[in-house]
Amino acid sequence: MAALTCSASDLQSLLGGAANATAAAEYICTRFVAISDHFVDTAYAVDNTYLLFSAYLVFAMQLGFAMLCAGSVRAKNTMNIMLTNVLDAATGGLFYYLFGFAFAFGSPSNGFIGKQFFGLESFPSPSFDYGYFLYQWAFAIAAAGITSGSIAERTQFVSYLIYSSFLTGLVYPIVSHWFWSADGWASAGRAGGNLLFGSGVIDFAGSGVVHMVGGIAGLWGALIEGPRMGRFDHEGKSMALRGHSGTLVVLGTFLLWFGWYGFNPGSFLNILRTYGDVGSYYGQWSAIGRTAVTTTLAGSSAALTTLFGKRMLAGNWNVTDVCNGLLGGFAAITSGCAVVDPWAAIICGFVAAWVLIGCNKLADKFHYDDPLEAAQLHGGCGAWGIIFTALFAKETYVNEIFSGKPGRPYGLLMGGGGRLLAAHMVQILVITGWVSMTMGTLFWILHKFKLLRISADEEMAGMDLTSHGGLAYVYYDEHDDAMQKKSFMMTKVDP
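Residues numbered from 1 in each chain as written. Predicted model: local features only at pLDDT ≥ 70, side-chain atom pairs only at ≥ 80, totals over all residues. Heavy atoms only, no water.

### Some thoughts on the environment of valine 213
The residue valine 213 is located in helix H6 (residues 207-225) in this model. Valine 213 sits in the buried class, given a relative accessible area of 0%. When the C-alpha positions of valine 213 and alanine 352 are compared, they lie 18 Å apart, and in sequence the two are 139 residues distant. Beyond its immediate chain neighbours, meaning those up to four positions away, valine 213 contacts Leu167, Tyr172, Val175, Gly208, Ile431 and Val435. (Helix = DSSP H or I, 4+ residues; strand = E, 2+ residues; numbered from the N terminus. Buried < 20%, exposed > 50% of the residue type's maximum accessible area, 1.4 Å probe, protein only. Contact = heavy atoms within 4.5 Å.)

Following this line, the structure appears as structure tokens:
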């Protein structure tokens, strides 16, 4: 919000020849400027409060990830998967503070990597305040949380620490610099130079930057260490290793849904911005509301499509499948949530559900084991979301959000030509290549040094017993006359 100005000399002429006209003009202007400065301060406070609140919502998604992961694994690995989620946040916090934020948003820099603000040096600045760091850190640890789901139930604990540090400190920040920084070579908001295909990449909240990065990293981890014991029989037939708690899966899904209202609408970063004439009812606050609506509709559409699709294919109503379908719709709409109409979001969710179902069929065919379907959900649906945005982005919304560069391309099916689609295909290719090169190499090195997968005995017993001091679920009978502790052990239910 720009400060208003007042000229004492101009005001003096309006006061005519009144006594003390000069003093009166100076006094009025002084008070006017003070009030104007207060409005500017208030605008900064409102925008930063909005961003901080959005950061808290995105961070709350870590609890959703933890519950979803815990419910999707067997009871004997519950403590392990929950601890990895805690350490994703803690490890990511340290490494994103030291290196990650600087690599992502350290401007001025080059198009490939940032080079300012290491350890938040020179913070806050005219460009960034602490709330912005917190918001971006919450995104970084979300990417790491996605990866942990793919390699659950058979990965050495030290590997989690190594990959999480590497992903949040280097791999993810460089991708976010490319597509979100003002200096990024493919950013739609690039401050100087030419935009990629005249448009840049419109990955508004990160179908590619967050979801594809986490999904592809998990894909390589799961491929290199192989499926869990018992996941496929000796003939190669798929065998279900069901998670132990549908309750936790549903709880985690609702927490993630709640947090997505910080993930997508919060990516506007500020709320006090008008579109057009000052005093209008329509502004960035309206676009934020629309983004929340498109997010809701895409997830809802995907959930219902999955419900009936799986009913036709498998003959039952499966709550876990519906939860994953819902999340797949959210992952897909994340790219274009701010630049598409609500009706288009319904199409996005519908297709995302079938993308997830198709990816799961391919996973079974090629003996790929992902306990949370994370690579299929975040990688596959994230890629669809990037394509969807290039097809359905609306000209009006694109020009409102990315103002200052009129005539930029928009959705192919909305009459905007194919240049945005070309830019988005480039995004899919470079993210796939970069994450494969970095995270694939890291997981291969860990595998070669025998630091990736646990032993067969540990996998059979469960990591809660072998690595974390005991099972997650223990019940003591207070009426036991012998005063001996009895454990309530959860038993496996065959599918």
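### Digging into the layout of surface pockets
Taken as a whole, the largest pocket holds about 1,300 Å³ of empty space. Tyr132, Ser267, Phe268, Leu269 and Asn270 are the residues nearest the centre of the largest pocket, which is lined by 41 residues in total. Within the residue set of the lining of the largest pocket, elements represented by two or more residues are helix H2 (21-72), helix H4 (130-150) and helix H5 (157-180). With five residues, the top contributor of residues to the lining of the largest pocket is H2. Split into classes, the residues belonging to the lining of the largest pocket amount to 23 nonpolar, twelve polar and six charged. The space that makes up the second largest pocket amounts to roughly 1,000 Å³. Elements that contribute at least two residues to the lining of the second largest pocket include exactly H2, helix H7 (246-263), helix H8 (284-314), helix H9 (319-333) and helix H10 (342-365). The leading source of residues in the lining of the second largest pocket is H10, at six residues. Among the residues making up the lining of the second largest pocket, the classes are represented as 13 nonpolar, 14 polar and ten charged. (1 Å grid on protein atoms, 1.4 Å probe; cavity = no way out; pocket = protein on both sides within 12 Å on 5 of 7 lines; lining within 4 Å. Points joined across faces, edges and corners; volume = space filled by probe spheres on them. Nonpolar A, V, L, I, M, F, W, Y, C, P; charged D, E, K, R; others polar.)

### With respect to the packing of helix H11 (residues 374-392) against helix H13 (residues 419-448)
Here H11 crosses H13 at 165°, and the two axes come no closer than 8 Å. With respect to H13, the axis of H11 lies roughly antiparallel. Crossing hand, H11 versus H13: right-handed. Along the contact surface, H11 presents Ala383, Ile386, Ile387, Thr389 and Ala390, while H13 presents Leu420, Leu421, His424, Met425, Gln427 and Ile428. Broken down by class, the residue content of the contact of H11 with H13 amounts to eight nonpolar, three polar and no charged. (Axes fitted to C-alpha atoms, helices over the stretch in contact; angles between N-to-C directions. Parallel < 35°, antiparallel > 145°, perpendicular 65-115°, else oblique. Left-handed = near helix turned anticlockwise from the far one by under 90°.)

### What to know about the nonpolar core
By size, the foremost hydrophobic cluster in this structure holds 115 residues, and its most contacted members are Phe101, Tyr172 and Val210. If you tally residues by element for this core, the top one is H4, at twelve residues. (Core = buried A, V, L, I, M, F, W, Y, C linked by side-chain atoms within 4.5 Å.)

### Regarding H9
The first and last C-alpha atoms of H9 sit 21 Å apart over 15 residues, in line with the 21 Å expected at 1.5 Å per residue. Where burial is concerned, most of H9 is hidden: twelve out of the 15 residues are buried. Those residues of H9 that sit buried are Asp321, Cys323, Asn324, Gly325, Leu326, Leu327, Gly328, Gly329, Phe330, Ala331, Ala332 and Ile333. One side-chain oxygen of the residue at the start of H9 lies 2.9 Å from the amide nitrogen of threonine 320, identifying that residue as asparagine 318. (Expected span 1.5 Å × (residues − 1). Polar contact = N/O pair within 3.5 Å; in protein donor to acceptor, adjacent residues only side chain to side chain.)

### Quick notes on the side chain of serine 187
If you trace the backbone, serine 187 turns up in the loop between H5 and H6. Setting aside residues no more than four positions away along its own chain, serine 187 makes contact with Trp178, Phe179, Trp180, Ser181, Leu195, Gly200 and Val201.

### A few points about the state of the cysteines
With the rule as written, the count across this model stands at zero disulfides. Cysteine cysteine 381 is unpaired, with the sulfur of cysteine 359 as its nearest cysteine sulfur at 6.6 Å. The class of cysteine 381 is buried, set by a relative accessible area of 0%. (Disulfide = S-S within 2.5 Å.)

### Considerations on the pattern of salt bridges
Tallied over the entire structure, the rule returns nine salt bridges. The partner of arginine 228 in a salt bridge is aspartate 369, with the nearest N and O atoms 2.8 Å apart. With arginine 228 in the loop between H6 and H7 and aspartate 369 in the loop between H10 and H11, this pair connects stretches of sequence that are 141 residues apart. Of the two residues, arginine 228 and aspartate 369, neither departs from the other in class, the shared state being buried. Taken together, the salt bridges that share partners define one network made up of Arg74, Glu153, Arg228, Arg231, Asp364 and Asp369. (Salt bridge = Lys/Arg side-chain N within 4 Å of Asp/Glu carboxyl O.)

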